[in-house]
Protein chains: 2
Amino acid sequence: MNTAPLNIVFHGQNAANFRQGFEALIAPHHRISDLSDGLDQPGERTLYENADVVIGIQLNSAMPQPLKARLFHAPAAGTDAIATALLPAQCVLANCFGHERAIAEYVMAALLMRHVPLTRADQDLRQGRWTFWAGRPSALRSEMGTQTLGLLGFGHIAQAVAHRAKSFGMRIHVANRSPISHPLVDQSWTLDGLQAFMASADAVVVSLPLTDNTAGLVNARAIAAMRPDAVLMNVGRGAVIEEKALYDALMARQIGGAVIDTWYQYPTPTPTHKTCTPSKFDFAALDNVLMTPHMSGWTAGTVRRRQETLAENIARLSRGEALANVLHGPR
Amino acid sequence: MNTAPLNIVFHGQNAANFRQGFEALIAPHHRISDLSDGLDQPGERTLYENADVVIGIQLNSAMPQPLKARLFHAPAAGTDAIATALLPAQCVLANCFGHERAIAEYVMAALLMRHVPLTRADQDLRQGRWTFWAGRPSALRSEMGTQTLGLLGFGHIAQAVAHRAKSFGMRIHVANRSPISHPLVDQSWTLDGLQAFMASADAVVVSLPLTDNTAGLVNARAIAAMRPDAVLMNVGRGAVIEEKALYDALMARQIGGAVIDTWYQYPTPTPTHKTCTPSKFDFAALDNVLMTPHMSGWTAGTVRRRQETLAENIARLSRGEALANVLHGPR
């Protein structure tokens, strides 16, 4: 190994999630430092300012500046809290995916749960009651595989969902900004056909990022187009579904239900602020929503795949090769 | 349509599950009669004895005999309660599958449930607690797709499970009486390698029928070979897993858990006998088993697919063509 050693810093609690075992993934002569969110411990400021590689999710003008950095790598998909104007001219900003398999498992688990009543069957059989026992019309359940899945957005996440859903025999409908032609997709619409798309599916999964174009895209009119028994899921960003429209539709039982993982309000991520309601509306009072805390992508597999992306980009930087997942720079 | 009209009888409660809408699936000149289990209502005996086609799951010497029948069709896979010696010489016995998609959905739902803690996450977030929120090591969950699924038996059901599990990225191991070479299967054993197979998987799904060779096949020794965190599922027949060995292993927390749909004791299927414990051992006192009441195959889709099999065989009989799913006859 004759490349120069790199100074790599893991900045803050979020980056620390990707630290365990990282040495084993990179060349042994690189130096790794673990820095606090505040960068206020002895020596941290200097280490940050002299880092060749920063792994972190935040950069703003109140922080020291990573003047020497050639790679600022978010260990996440979202880089909203990284002010690219503060990156030095030679620096590249990159991000990580690797969450799509985890999110697809969450989506399929939540969809299947609506068809296979495992929890209730178990509770009943423990008391000797054979509810759902085969052979009686009253015990018949529905089948996911005969249904149509609507995917709003068709990026990494939606494609992973489509691949799994198709193995169950589901029909796959997609609505996307640009037209989609893909072997897994049975029918697709652009966004001017959003109403028709929403009306076509038994379940609609939103996996769009939040942008000026997607904020509130799923509004009262779009929800009103859904089938009365259809379910609306959000694993993208909360505000893509208009908050009041979603709450009103569930309150009025206008749709079959919702599965919401991405929300409108989040706790401050400090040890002292752990409880927070996820919306200004009282979703917790509704029985037709499954509420989860923005967890869908958070698995050991996601961490491992993101570590591999980070390590691969560090190896490429060492060798002077083009990096993967570049979002910005060098200027 | 110039074929002769057929007299078709649906015999008993079980067959009645497949009756709704059946006219629409067959030629309109056939005659359908709906008969009680006891065949003791006025005219029922004559209709049964003169039927060309009997749809039912039971034939024994205490019943009238279907002397004219050319097709005795179980609307189910199992035909244990049909005494083939009582079928007239010209009669063919056929059965139905069509449950494999439903069972595969049950299996995948039960597997995913062990990785994606939807119910607990929902309960907690309703109280403002963001348990499992992404970004913290304590919230990391496991991923099904990185695991190995063991399939004991590789018939219709196991193949449907393998197809879905592979779409999640799972590694597929199979143990089967005869060697298996199949594009979905990563590694396979014959039954003399049962111990090694059991030791190789994160989850073992039993889908074997009950025969002299399979009864008690999964015994204490086979279960002891499993990984301490592995889960054992049964969607085949209860007695393929040795009852006491399963209970003892769960009691001793020797394996990660079990998901049991097929049992050792069943209620008498009459309106007055609806409760019954599913084993002489107290599985209901264990927290490491998911207990369901032989429900895995019972969906609207299974009923529809079996109706299609019944209708197709009736059409073939009309046209004098070879029937599908023949188990016996004509003599």
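This is a predicted model, so every value here is computed, not measured. Here the residue index of a chain counts from 1 through its sequence in written order. Here every chain gets a letter starting at A, and every ligand a number starting at 1, in the order they are written. At least 70 in pLDDT is required for a residue's local features to be given in this predicted model, at least 80 for side-chain atom pairs to be given and counted, and no such filter applies to totals for whole chains, interfaces and linings, which use all residues. Side-chain metrics in this entry use all non-hydrogen atoms of the structure; hydrogen atoms and water are not considered.

## Let's talk about the overall build of chain A
For chain A, the helix and strand inventory stands at nine helices and 13 strands. Structurally, chain A occupies a C-alpha span of about 70 × 50 × 40 Å along its principal axes. The rule is simple: take the accessible area with a 1.4 Å probe, protein chains only, and divide by the maximum for that residue type; under 20% is buried, over 50% is exposed, in between is partly exposed. Expressed as a percentage of the 331 residues in chain A, the buried residues total 54%. Restricting to contacts in chain A with at least 6 residues of sequence separation, those with at least 24 account for 62%. Working convention for charge: Lys and Arg count positive, Asp and Glu count negative, and His plus the chain ends are omitted. Charge coordinates come from a single atom per side chain, which is NZ of Lys, CZ of Arg, CG of Asp or CD of Glu. For chain A, the distance from the average site of its 29 positive side-chain charges to the average site of its 27 negative ones is 3 Å. Comment: elements are numbered from the N terminus, with helices defined as DSSP H or I runs of at least four residues and strands as E runs of at least two. Two residues qualify as a contact provided that any one of their heavy atoms is within 4.5 Å of a heavy atom in the partner residue.

## Thoughts on the state of the cysteines
Residues and elements named next belong to chain A. In this description, the term disulfide denotes a pair of cysteine sulfurs within 2.5 Å. Overall, the coordinates contain zero disulfides over all chains when judged by the stated rule. With no disulfide of its own, C96 lies closest to C91 among cysteine sulfurs, the gap being 14 Å. The class of C96 is buried, set by a relative accessible area of 0%.

## Some remarks on the interface of chain A and chain B
Contact with chain A, which involves 71 residues of that partner, is made by 71 residues of chain B. Joining two parts hides part of their accessible area as seen by a 1.4 Å probe, and the buried area is that hidden amount summed over both. It is W130, R141 and W298 of chain A that lose the most area in chain A upon contact with chain B, and together they represent 13% of the buried surface on that side. Each reported salt bridge corresponds to a side-chain nitrogen of Lys or Arg within 4 Å of a carboxyl oxygen of Asp or Glu. Where chain A packs against chain B, one counts two salt bridges. The closest approach of N and O atoms between E143 of chain B and R305 of chain A, which form a salt bridge, is 2.8 Å. Whenever a nitrogen or oxygen atom comes within 3.5 Å of another N or O atom, the pair is scored as a polar contact, on the condition that within protein one atom can donate a hydrogen and the other can accept it, and that pairs from neighbouring residues in sequence are kept only if both atoms are in side chains. The interface formed by chain A and chain B contains 37 residue pairs in polar contact (both at pLDDT 80 or more). Listing elements by their share of the side of chain A that touches chain B, those giving two or more residues are α3 (100–113), α4 (118–125), α5 (156–167), β12 (289–291) and α9 (300–319) of chain A. Element by element, the count of residues in the side of chain A that touches chain B is highest for α3 of chain A, at nine residues.

## Some thoughts on the sheet that holds strand β13 (residues 326–328) of chain A
All names here are of chain A. What makes two strands pair is DSSP finding at least two bridges between them. Strand order in the open sheet made by the six strands is β2-β1-β3-β4-β5-β13, with mixed pairing throughout. In this open sheet, the two strands that pair with only one neighbour each are β2 (31–35) and β13. Across the sheet, the mean angle separating the axes of adjacent strands is 25 degrees when strand polarity is ignored. In the sheet, strand β5 (residues 92–94) pairs with β13 via two bridges, with the strands oriented antiparallel. From the neighbouring strand, A94 faces β13, where its bridge partner is V326. Axis definition: a line fitted to C-alpha atoms, limited for helices to the stretch in contact. Angles are taken between N-to-C directions and run from 0 to 180 degrees.

## Here we look at unusual backbone geometry
Only a minority of non-glycine residues have a phi that is not negative, and only a minority of peptide bonds are not trans. Residue P330 of chain A follows G329 of chain A across a cis peptide bond; omega there is -5 degrees. Mapping P330 of chain A onto the fold places it in the segment after β13. In this structure, H294 of chain A takes a positive phi of about 50 degrees despite not being glycine. Phi at L39 of chain B takes a positive value of approximately 50 degrees, unusual for a residue other than glycine. By secondary structure assignment, the location of L39 of chain B is in the loop between β2 (31–35) and α2 (44–49). On the basis of relative accessible area, L39 of chain B is assigned to the buried category, the value being 6%.

## Regarding the nonpolar core
What makes a nonpolar core is a set of buried Ala, Val, Leu, Ile, Met, Phe, Trp, Tyr and Cys residues whose side-chain atoms join them at distances within 4.5 Å. Core analysis: the biggest nonpolar cluster contains 75 residues, and L149 and L151 of chain A together with L149 and L151 of chain B have the highest contact counts within it. The contacts of L149 of chain B, once residues within four sequence positions are left out, are L111, V161, A165, M170, R171, I172, H173, A201, A203 and V205 of chain B.

## Thoughts on the packing of aromatic side chains
Any pair of Phe, Tyr and Trp rings, taking the six-membered ring for Trp, is counted once the centres come within 6.5 Å. Such a pair is stacked with planes under 30 degrees apart, edge-to-face with planes over 60 apart, and tilted for the rest. This structure, assessed with the given rule, holds 21 aromatic pairs over all chains. Arranged with centres 6.4 Å apart and planes meeting at 90 degrees, the rings of F168 of chain A and F168 of chain B form a pair that is edge-to-face. Taken together, the residues F168 of chain A in the loop between α5 and β7 (171–175) and F168 of chain B in the loop between α5 (156–167) and β7 (171–175) connect one chain to another. Residue F168 of chain B is classed as buried on the basis of its relative accessible area, which comes to 0%. Ring centres 5.4 Å apart and planes at 75 degrees place the aromatic pair Y247 of chain A and F283 of chain A in the edge-to-face group. A residue pair is termed long-range when its members are at least 10 positions apart, and Y247 of chain A in helix α8 (residues 243–251) and F283 of chain A in the loop between β11 (257–260) and β12 qualify at 36 residues. Just as Y247 of chain A is buried, F283 of chain A falls in that class too. These aromatic residues form a ring-pair network of at least three members: Y247, W263, Y264, F281 and F283 of chain A. The ring of F10 of chain B is capped by R19 of chain B, whose NZ or CZ atom sits 5.6 Å from the centre of that ring. Counted as over-ring charges are cases with an Arg CZ or a Lys NZ within 6 Å of the ring centre that also lie within 35 degrees of the ring normal.

## Observations regarding helix α9 (residues 300–319) of chain B
All names here are of chain B. Given a helix with a known number of residues, its expected span is that number minus one, times 1.5 Å. A rise of 1.5 Å per residue sets the reference length of α9, with its 20 residues, at 28 Å; its end C-alpha atoms lie 29 Å apart and thus fit the reference within 8%. Along α9, the residues classified as buried are G301, T302, V303, R305, R306, Q307, L310, A311, N313, I314, L317 and S318. Tucked inside the fold, the buried residues of α9 contact β1 (7–11), β3 (53–55), β4 (71–73), β5 (92–94) and α3 (100–113). Directly beyond the C-terminal end of α9, a positive phi value near 75 degrees is found at G320.

## Focus on the sheet that holds β4 of chain B
Note on sheets: strands pair through backbone hydrogen bonds, and any given pair is parallel or antiparallel. Residue and element names in this part refer to chain B. One open sheet accounts for six strands, arranged β2-β1-β3-β4-β5-β13; its pairing is mixed. Each edge of the open sheet carries a strand with a single partner, namely β2 and β13 (326–328). Direction aside, the axes of adjacent strands within the sheet are offset by 25 degrees on average. Direction of pairing for β3 relative to β4: parallel, over a ladder of three bridges. Paired with V54 across the strands is F72, a residue of β4.

## Quick look at the packing of α3 of chain B against α5 of chain B
All names here are of chain B. Direction vectors running N to C along α3 and α5 enclose 50 degrees, while the axes themselves pass 8 Å from each other. Between α3 and α5, the angle falls in the class oblique. Read as a crossing pair, α3 and α5 show a hand that is right-handed. Listed contacts from α5 to E100, R101, I103, A104, V107 and M108 of α3 are H156, I157, A160, V161, R164 and A165. Angles below 35 degrees are treated as roughly parallel, those above 145 as roughly antiparallel, those between 65 and 115 as roughly perpendicular, and all remaining angles as oblique. Each helix crossing is assigned a hand: it is left-handed if the near helix lies turned anticlockwise from the far helix by less than a right angle, otherwise right-handed if that turn is clockwise.

## With respect to the domain arrangement of chain A
Residues and elements named next belong to chain A. According to the domain assignment, chain A contains domain 1 (7–98 + 300–328) and domain 2 (100–291). For the pair domain 1 and domain 2, the summed buried surface comes to about 410 Å²; carbon and sulfur atoms form 49% of the total. Summed over the three residues of domain 1 that lose the most area to domain 2, namely F97, G98 and R305, the buried surface amounts to 68% of that side. There are zero salt bridges connecting domain 1 and domain 2. There are one residue pair in polar contact (both at pLDDT 80 or more) connecting domain 1 and domain 2. Any residue outside Ala, Val, Leu, Ile, Met, Phe, Trp, Tyr, Cys, Pro, Asp, Glu, Lys and Arg is labelled polar, Gly included; the first ten of those are nonpolar and the last four are charged. A breakdown of the residues in the side of domain 1 that touches domain 2 according to their chemical character gives one nonpolar, two polar and one charged. As used throughout, domain bounds are those supplied by an automatic or database domain assignment.

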